[in-house]
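# A structural walkthrough
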Amino acid sequence: MKIGLPLLAVVALAALAWLGCEYLRLQVLFGVVLPYLALLLFLVGFVYRVVLWGRSAVPFNITTTCGQQKSLPWVKHDRLENPSSTTGAIGRMILEVLLFRSLFRNLRTEKRGARISFGSAKWLWLGGLVFHWSLLVVLLRHLRLFLEPVPVVISGIGAVDGMFQIGVPVLFLTDITILAALAFLFARRVLAPRIRYLSLPADYFPLLLLLGVVISGILMRYAFKVDMLQVKEMMLGLASLHPQLSMSAGSALYVHIFLVSVLFAYFPWSKLMHAGGIFLSPTRNMPNNSRQVRHINPWNYPVQVHSYVEYEDEYREKMRKVGLPLDKEG
Amino acid sequence: MHKGTRIIAFIAVFLIIATMPFLANHGQASADPEVSLDTPAVNEMPVKQCIEPLQDMRSEHMQILDSWRDRVVREGQTTYVNSVGQPYEMSLDETCLSCHSNREQFCDSCHSYSGVDVYCWSCHDGASNNSNGGVE
Ligand code: HEC
Ligand code: HEC
Ligand code: HEC
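Thresholds applied
Residues numbered from 1 in each chain as written. Chains lettered and ligands numbered in written order. Predicted model: local features only at pLDDT ≥ 70, side-chain atom pairs only at ≥ 80, totals over all residues. Helix = DSSP H or I, 4+ residues; strand = E, 2+ residues; numbered from the N terminus. Contact = placed C-beta atoms within 7 Å. Near = placed C-beta within 6 Å. Nonpolar A, V, L, I, M, F, W, Y, C, P; charged D, E, K, R; others polar. Buried ≥ 20, exposed ≤ 12 C-beta atoms within 10 Å, placed from the backbone. Pairing = 2+ DSSP bridges. Domains from an automatic or database assignment. Axes fitted to C-alpha atoms, helices over the stretch in contact; angles between N-to-C directions. Parallel < 35°, antiparallel > 145°, perpendicular 65-115°, else oblique. Left-handed = near helix turned anticlockwise from the far one by under 90°. Expected span 1.5 Å × (residues − 1).

### Thoughts on the overall build of chain B
The helix and strand inventory of chain B stands at 7 helices and 2 strands. Ordering the α and β elements of chain B from the N terminus gives α-α-α-α-β-β-α-α-α. Long-range contacts, defined here as pairs at least 24 residues apart, represent 63% of the contacts in chain B between residues at least 6 apart.

Have a look at this one:
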């Protein structure tokens, strides 16, 4: 059920776009209205979530440290694992975003007999890294459909990605790596019993949706051919806010666009929002300088306090009369 | 908002990146590519027809070329019979480029518009056609 429902949803979404364009001729809906709506939801949702995070309390300096803190000059300070300055924290953040360093430390914990043993578990890190980098390259490659003239960098990325010149149209390496990484990340959830137990539909849906996007894109390149010239005209139309419709571009295109639209619309409201959240993780973006700078919770409001000293000042006479002990014989 | 300027800067950077295609295309009319059919061979044709129907050529010409390549180089065949029974020699230089001898204005202009990097030309340059106006 946990897998079935998301799978059904993705298949149904793809079928919806196919039927809608092939038989009901709803190209305007799937090619213009929904993509714009999805983009709007994406932008608004992203900003909304970031603002929400920005407004939440940071009561403590809760940076996660994995190396030697800055201390005495003769103790070697680990600047990136335990940054004490903003620059260091930025460096750590860059490495985190580009290389997923905290995932690299992922451990496998097992009970061997009576003892607990820890081993390294790098597969998740590798699968995640391959997926995210492939996605970046795929996204950059797609810019050729949105920019005219195509920047040299973008066509260069395409040329490098297709450097083995396998088949026609040329096989892009990232098409293979993204598919393999997604398949691995999916298989991991299904096959490893503990991870399957933890997984929810909200974990499977994004994976399956991404698989749907990738598969529909690859199929469009090799099996259900579309007229790329019209695709580019359409995308330029969308990007210049003068939408141009193409009724003959082939329904496979609309399946792909619709799945991408769903992905964009779903993004900010789901766990995929970690893309923005990583920058706002207090455990990663705060320098560990709690011994140099006092962290004051910015949400502290002035509290009316009545200290014991003030209390004694107020009731000194009465206290003395009944013989209570006094700190100060004022 | 705690560290409000940083949050706002982050949002601004995000919005610029996310709407980059819109900013780049702002106020630009999308220019269609020049795909010129003006070659001596095509001008002589009574009916302007490619080897397969136009719609198929637009989306599938690379796969036709791929199958031609395999059939010529691996299976030693030489003749392609199209969907209406007309035979063609399976050759990129001798067939495609004899009609489309204006490679720069035809194949290349469309490919650069679509951002496709076609590497065939490092070997197949159609030179045998360009020198004598696309006629064998
Ligand atoms: C109407 C535009 C157009 C014209 C004209 C055109 N092409 Fe293409 N061609 C494309 C597009 C678009 C692609 C990429 C298709 C894709 O990515 O699925 C392509 C891809 C190719 C590819 C595969 C490239 C690759 O590595 O993926 C070859 C080979 C090719 N074209 C050959 C030719 C030749 C030869 C001519 C001239 C006789 C020509 N094309 C004319 C639009 C065109
Ligand atoms: C490394 C050089 C090289 C590259 C690059 C190359 N080819 Fe070829 N191609 C050849 C050679 C050599 C032959 C064999 C010629 C012969 O048998 O007469 C050939 C034959 C062919 C043939 C059949 C015969 C003919 O004369 O056309 C086709 C079709 C073909 N190639 C298409 C392509 C396409 C499409 C591309 C780009 C996707 C491409 N080739 C890239 C070298 C190359
Ligand atoms: C007999 C001459 C001839 C040959 C050979 C020929 N073409 Fe064409 N091609 C044409 C004509 C004429 C048109 C325009 C057809 C039309 O407008 O209906 C055309 C159109 C095309 C188009 C679509 C252009 C557009 O306006 O979108 C492509 C792509 C194309 N040809 C590629 C090829 C390729 C690749 C080959 C070799 C496999 C080839 N042609 C062989 C004459 C030819």
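So much for the structure itself; the text now carries on.
### So, the site of ligand 1
Ligand 1 sits among 21 residues. The nearest are A:Pro169, A:Met228, B:Met62, B:Cys107 and B:Cys110. Each of chains A and B places residues near ligand 1. Of all the secondary structure elements, the ones that give two or more residues to the shell around ligand 1 are helix H10 (228-239) of chain A together with helix H4 (54-73) and helix H6 (104-114) of chain B. When grouped by side-chain class, the residues that make up the shell around ligand 1 number 15 nonpolar, 4 polar and 2 charged.

### Topic: the site of ligand 3
All names here are of chain B. Neighbouring ligand 3 are 19 residues; Cys50, Leu54, His61, Cys96 and Cys99 lie closest to it. Ranked by the residues each element gives to the shell around ligand 3, the list is headed by H4, at 6 residues. Looking at the shell around ligand 3 residue by residue, the class counts come to 13 nonpolar, 4 polar and 2 charged.

### Some words on the pairing of strand E1 (residues 107-112) of chain A
Residue and element names in this part refer to chain A. Counting buried positions over the 6 residues of E1 gives 0, only a small fraction of the element. Pairing between E1 and strand E2 (residues 115-120): 6 bridges, direction antiparallel. Within the sheet, the bridge partner assigned to Thr109 lies in E2 and is Phe118. From the end of E1 to the start of E2, which pair antiparallel, there are 2 residues, and Gly113 there has a positive phi angle of about 65 degrees.

### Section: the interface of chain B and chain A
Contacts between the two partners involve 30 residues from chain B, matched on the other side by 35 residues from chain A. Contributions of two or more residues to the side of chain B that touches chain A are made by helix H1 (4-18), helix H2 (20-24), H4 and H6 of chain B. With 7 residues, H4(B) is the single largest residue contributor to the side of chain B that touches chain A.

### Re unusual backbone geometry
Residue and element names in this part refer to chain A. With an omega dihedral of 0 degrees, the bond running from Glu148 to Pro149 counts as a cis peptide bond. Within the secondary structure, Pro149 is located in the loop between helix H5 (123-142) and helix H6 (152-161). Cis geometry is adopted by the peptide bond preceding Pro169, which originates at Val168 and carries an omega value of -10 degrees. Structurally, Pro169 is set in the loop between H6 and helix H7 (173-191). Here the phi dihedral of Gln165 falls at roughly 50 degrees; this positive angle occurs in a residue that is not glycine. Take Gln165: it is sitting in the loop between H6 and H7. By the C-beta count within 10 Å, which is 12 here, Gln165 ends up exposed.

### Things to note about the domain arrangement of chain A
Domain parsing of chain A yields domain 1 (4-299) and domain 2 (306-330). Its C-alpha centre places domain 1 of chain A at a distance of 65 Å from the equivalent point of domain 2 of chain A.

### With respect to the packing of helix H2 (residues 27-55) of chain A against helix H11 (residues 251-266) of chain A
All names here are of chain A. The geometry of H2 relative to H11 is characterised by a closest axis approach of 8 Å and an angle of 20 degrees between their N-to-C directions. Classified by the angle their axes make, H2 and H11 are roughly parallel. For the pair H2 and H11, the sense of crossing is left-handed. Contacts from Gln27, Phe30, Gly31, Leu34, Pro35, Ala38, Leu39, Leu41 and Phe42 in H2 reach Tyr254, Ile257, Phe258, Ser261, Phe264 and Ala265 in H11.

### Some thoughts on H10(A)
The end-to-end C-alpha distance of H10(A), which contains 12 residues, comes to 16 Å, matching closely the 16 Å that a straight helix rising 1.5 Å per residue would cover. Inspection of H10(A) places A:Met228, A:Val231, A:Lys232, A:Glu233, A:Met234, A:Met235, A:Leu236, A:Leu238 and A:Ala239 among the buried residues, and these make up the whole buried set. Buried-residue contacts for H10(A) involve H2 and H11 of chain A together with H2 and H6 of chain B. Following H10(A) by one or two positions, A:Leu241 has its phi on the positive side, about 60 degrees.

### Section: the packing of helix H1 (residues 4-22) of chain A against H11(A)
Residues and elements named next belong to chain A. Taken N-terminus to C-terminus, the directions of H1 and H11 make an angle of 135 degrees; their axes are 8 Å apart at the nearest point. In terms of axis orientation, H1 runs oblique to H11. The way H1 lies across H11 gives a crossing that is right-handed. On the side of H1, the interface is formed by Leu13, Ala14, Ala17, Trp18, Cys21 and Glu22, while H11 contributes Ser251, Tyr254, Val255, Phe258, Leu259 and Val262. Class assignment for the residues of the contact of H1 with H11 results in 10 nonpolar, 1 polar and 1 charged.

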